[in-house]
Amino acid sequence: MKRSLVVVLLFMASCSMLNASPYASSVISFTQGPWAEDDYGDPSVVLGAPPSADTYDWPISISYGPWEPSEVVSLGHCGSLTIAFDHQVMNNPADVEYGIDFLIFSNTFFSTDYEGDGRILGAYFEPAKIEVSQDGITFYEIANTFADQLYPYTSSKGNFVHATPPGIEYLNRQPADVEDDYLTGCGGTQVDISNAIGATLDWIMYVRVTDIDDDGMADIVGFADVVPEPATMIMLLAGIGLLRRK
Ligand SMILES: [Ca+2]
Ligand SMILES: [Ca+2]
Ligand SMILES: [Ca+2]
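In this report, the structure presented in the accompanying data block is examined. (Residues numbered from 1 in each chain as written. Chains lettered and ligands numbered in written order. Predicted model: local features only at pLDDT ≥ 70, side-chain atom pairs only at ≥ 80, totals over all residues.)

Some thoughts on the overall build of the chain
So, step 1. Looking only at helices and strands, the chain features 3 helices and 11 strands.
So, step 2. Ordered by position from the N terminus, the helices and strands of the chain form the series α-β-β-β-β-β-β-β-β-α-β-β-β-α.
So, step 3. Going through the 246 residues of the chain one by one, you find that 39% of them count as buried.
So, step 4. Pairs at least 24 residues apart make up 77% of the contacts formed inside the chain by residues separated by at least 6 positions. (Helix = DSSP H or I, 4+ residues; strand = E, 2+ residues; numbered from the N terminus. Buried ≥ 20, exposed ≤ 12 C-beta atoms within 10 Å, placed from the backbone. Contact = placed C-beta atoms within 7 Å.)

What about unusual backbone geometry?
So, step 1. Cis geometry is adopted by the peptide bond preceding Tyr 151, which originates at Leu 150 and carries an omega value of -10°.
So, step 2. Tracing the backbone through its elements, the reader meets Tyr 151 in the loop between β8 (140–147) and α2 (175–181).
So, step 3. Even without glycine at this site, Tyr 98 takes up a positive phi of about 60°.
So, step 4. Of the residues examined, Tyr 98 has 18 C-beta atoms within 10 Å and is grouped as partly exposed.

Structural notes on the sheet that holds strand β7 (residues 128–133)
So, step 1. Pairing within the open sheet is antiparallel, and its 5 strands lie in the order β1-β3-β10-β7-β8. In this open sheet, the two strands that pair with only one neighbour each are β1 (26–31) and β8. Each strand of the sheet is rotated relative to its neighbour by a mean of 25°, with strand direction disregarded.
So, step 2. One ladder, built from 5 bridges, connects β1 with strand β3 (residues 80–90); its direction is antiparallel. Bridged to Ser 26 within β3 is Ala 84. (Pairing = 2+ DSSP bridges. Axes fitted to C-alpha atoms, helices over the stretch in contact; angles between N-to-C directions.)

Some words on the nonpolar core
So, step 1. Counting residues in hydrophobic clusters, the biggest one holds 49 residues, and the most contacted among them are Ile 104, Ile 130, Val 132, Val 209, Ile 220 and Phe 223.
So, step 2. Going through the elements one at a time, β3, β4 (102–106), β7, β8, β10 (203–211) and β11 (219–225) are the ones with two or more residues in this core.
So, step 3. Not counting residues within four places of it along the chain, the set of residues in contact with Ile 130 comprises Ile 104, Ile 142, Thr 145, Phe 146, Ala 147, Val 191, Val 207 and Val 209.
So, step 4. With 6 residues, the next largest nonpolar core counts Ile 62, Phe 110, Tyr 170 and Val 178 among its residues. (Core = buried A, V, L, I, M, F, W, Y, C linked by C-beta atoms within 7 Å.)

Encoded structure:
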């Protein structure tokens, strides 16, 4: 391959990455189930980046989730929300960002022993089923992963586009230590497209979340494509031959 062509291809790849938003760009459909709290019915709050702080400038952390109607939409009992990204969300291989492809942010948080030593005592989960699609018509359920569950997200990492290592323990630990274990990740539900049931998907563009039939009602705050570090991106391009010497 000619070097000039390689440069043009890299330029095009970086341009398309710059133009695309890593966050959900449109709401396709929303059906709120019964029993949702008043005022938490605007699905457009999930578009764009999740909030870093509430309107009183309290930063969002793994023990202080977003809570305002301008930040959170409640699915209600068995309600459903479908969003689209403005680009293909690629299925990262297992050695890139732990294989995680996109994140779903919610208002889940760790409860702490605030009258004692501050350790984490538990977590508030209100799980929603996750489905993915390439065309917005045929959806595939993601196995064993639920929105409004692990991990509560934090704004302390500076961005919302990196995955959190799997299997972080949290009970009886200090919140700051757990956030340290997130490394460059910010939390959120960690979704691997490879866990789609009944399909092998290289990419997706649509995500549907549906509250499951239990006591809790899932709340959603945002969606983010996981963007590999630039060095990893160049390695990926090299791996598929774009950087091969002529
Ligand atoms: Ca993946
Ligand atoms: Ca439920
Ligand atoms: Ca919730």
